[in-house]
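Spelled out, the chains give:
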Amino acid sequence: MKYSRVVIGWVVAVAILPNVFAAERRVAPKTNPSAAEPFPTFRMLDEKLTLLGNQQHSLQAALDTNQSNSRFAGAAKRPWVVPARAMLRTVVSIKPLVIRSEQLYRLRHRQFGIRMFSMLRTRAEAVGKNVVAVERARNRVAAESAQRELDKAV
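Description of the structure in this document. Computed from a predicted structure; not experimentally measured.

## Quick word on the pattern of salt bridges
Step number 1: Under the counting rule described, the total for this entry stands at six salt bridges.
Step number 2: In this structure, E125 engages R121 in a salt bridge whose closest nitrogen and oxygen atoms are separated by 3.7 Å. Placement of the pair is E125 and R121 together in helix α5 (residues 111-136), with a separation of four residues, close to one helical turn.
Step number 3: Judged by relative accessible area, which is 32%, E125 ranks as partly exposed.
Step number 4: The class of R121 is partly exposed, set by a relative accessible area of 22%.
Step number 5: Residue E149 is joined to K152 by a salt bridge in which the shortest nitrogen-to-oxygen separation is 3.6 Å. Separated by three residues within a single helix, E149 and K152 lie in helix α6 (residues 140-153), roughly one turn from each other.
Step number 6: Note on E149: relative accessible area 40%, which makes it partly exposed.
Step number 7: Each of E102, R106, R121 and E125 takes part in salt bridges that share partners, so that together they form one network.

Right, dumping it as structure tokens:
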């Protein structure tokens, strides 16, 4: 008699418990993360490109200001370094978005998307190289020359 109760208890537990745990784990149906593409990527790229444009204006302002306006001796020597580093961080954050989108369009066999994001990746790499040149410039003349090249690349 006891043995049958134990068996019936195990059968009931095996039959009911998975349904209880499954009910707790129910979540909204999963959607394909790339189904909404390219709109989230374009939104993020637009935000980052707008930020990059604003940072480019601040870099130009730093190069145009007089050296005596700065409070710190190191910043007075090279005031373009801080805006250039901010631009470099933005360019570095743009690259993964563009590379991921290029790979997505490559998987989908969409030639237009592949070409577009490939060009954006190439431009981002060129802008990154020019920003590094501005950041590493030792004097104002070299920084202004590198900044003109950066303007062409952007």
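## As for the environment of L59
Step number 1: When you line up the elements, L59 lands in helix α2 (residues 39-64).
Step number 2: Residues L59 and V134, spaced 75 residues apart in sequence, show a C-alpha to C-alpha distance of 9.4 Å.
Step number 3: Dropping the residues within four chain positions of it, L59 is found in contact with W80, P83, A84, M87, V134, Q147 and L150.

## Details of the packing of α5 against α6
Step number 1: Interaxial distance between α5 and α6 falls to 8 Å at its minimum, and their mutual angle equals 170 degrees. One element, α5, and the other, α6, form an angle in the roughly antiparallel class. In contact with R123, V127, N130, V131, A133 and V134 of α5, α6 contributes A143, A146, Q147, E149, L150 and A153.
Step number 2: Residue composition of the contact of α5 with α6, by class: eight nonpolar, two polar and two charged.

## Observations concerning the packing of aromatic side chains
Note on aromatic pairs: each is described by the distance of the centres and the angle between the planes.
Step number 1: Taken as a whole and judged by the stated rule, the model has two aromatic pairs.
Step number 2: With centroids separated by 6.0 Å and ring planes inclined at 15 degrees, the aromatic side chains of F42 and F117 adopt a geometry described as stacked. Within this pair, whereas F42 is found in helix α2, its partner F117 is found in helix α5, the two being separated by 75 residues in sequence.
Step number 3: With 5.5 Å between their ring centres and 25 degrees between their planes, Y105 and F117 make a pair best called stacked. Of this pair, Y105 sits in helix α4 (residues 81-107) while F117 sits in helix α5; the two residues are twelve residues apart in sequence, bridging distant segments of the chain.

## What to know about the packing of α2 against α6
Step number 1: At a closest axis distance of 11 Å, the pairing of α2 and α6 adopts a crossing angle of 155 degrees. Accordingly, the angle class assigned to the pair α2 and α6 is roughly antiparallel. Read as a crossing pair, α2 and α6 show a hand that is left-handed. Residue-level contacts link Q56, L59, Q60, A62, L63 and D64 of α2 to R140, A143, E144, Q147, L150 and D151 of α6.
Step number 2: Of the residues belonging to the contact of α2 with α6, the class tally is five nonpolar, three polar and four charged.

Each value, and the rule that gives it
Residues numbered from 1 in each chain as written. Predicted model: local features only at pLDDT ≥ 70, side-chain atom pairs only at ≥ 80, totals over all residues. Heavy atoms only, no water. Salt bridge = Lys/Arg side-chain N within 4 Å of Asp/Glu carboxyl O. Helix = DSSP H or I, 4+ residues; strand = E, 2+ residues; numbered from the N terminus. Buried < 20%, exposed > 50% of the residue type's maximum accessible area, 1.4 Å probe, protein only. Contact = heavy atoms within 4.5 Å. Axes fitted to C-alpha atoms, helices over the stretch in contact; angles between N-to-C directions. Parallel < 35°, antiparallel > 145°, perpendicular 65-115°, else oblique. Nonpolar A, V, L, I, M, F, W, Y, C, P; charged D, E, K, R; others polar. Phe/Tyr/Trp six-rings, centres within 6.5 Å; stacked < 30°, edge-to-face > 60°. Left-handed = near helix turned anticlockwise from the far one by under 90°.

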